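Fold and geometry: a report
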Amino acid sequence: MQISFETADQPDVHALIAELDDYLYSLYPAENVYALDVASLTQPNVLFAVARANDGAALGCAAVVVTPAYGEVKRMYVRPAARGQGAARRLLETLEARARAEGCTSLMLETGPTMPEALALYERLGYKHRGPFGDYPDDPLSVFMAKALA
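Overview of the structure. (Residues numbered from 1 in each chain as written. Predicted model: local features only at pLDDT ≥ 70, side-chain atom pairs only at ≥ 80, totals over all residues. Heavy atoms only, no water.)

This model, assessed by the stated rule, comprises six aromatic pairs. Ring centres of F133 and Y136 lie 5.0 Å apart, and the angle between their planes is 65°; this geometry places the pair in the edge-to-face category. Ring pairs connect the aromatic residues Y34, Y70, F133, Y136 and F144, which therefore count as one cluster. R98 extends its terminal NZ or CZ atom over the ring of F5, reaching a point 4.4 Å from the ring centre. (Phe/Tyr/Trp six-rings, centres within 6.5 Å; stacked < 30°, edge-to-face > 60°. Lys NZ or Arg CZ within 6 Å of the ring centre and 35° of its normal.)

Further remarks concern the sheet that holds strand β3 (residues 58-66). Within the open sheet, the seven strands sit side by side as β1-β2-β3-β4-β5-β7-β6. Their pairing is mixed. The sheet is open, and its two edges are formed by β1 (2-5) and β6 (128-130), each paired on a single side. Put simply, the sheet's adjacent strands are angled 30° from each other on average, direction ignored. In this structure, β6 lies alongside strand β7 (residues 143-148), joined through three bridges in antiparallel fashion. Residue pairing across strands places K128 opposite A146, the latter belonging to β7. This element, helix α1 (residues 11-27), spans β2 (46-52), β3 and β4 (71-78) of the sheet and lies at about 90° to β4. (Pairing = 2+ DSSP bridges. Helix = DSSP H or I, 4+ residues; strand = E, 2+ residues; numbered from the N terminus. Axes fitted to C-alpha atoms, helices over the stretch in contact; angles between N-to-C directions. Contact = heavy atoms within 4.5 Å.)

Printed below as a string of structure tokens:
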């Protein structure tokens, strides 16, 4: 498996994002899905990483939106067939290292309470529960977490 920084605007990544959207909308009402579209993921302040199998097939993706105050983890997804192989951990660790190199001192994220695997991953990697940040409302369908990078 290889992790690399790529553009989100490519057909196999569009397919990953569509799968993620289908999954999220099966769990939560539309007003509780805070997803970035492909155009937003191609902005200069977005770090976008893709996990690929040795044959080049896209297995997963994740992004960090870098702001002056913090980085925000977005669009974290690994295809079900590729789960359990460390792709999510490697994606997040790769993004953390790059965000740190870009000057980020902390990462924040919003995820849902009905995704225990994601919550467990974030906790294993040192993310701590916290209250809402940015423009997010305080909502029972959101879980907020943060990790210091400094």
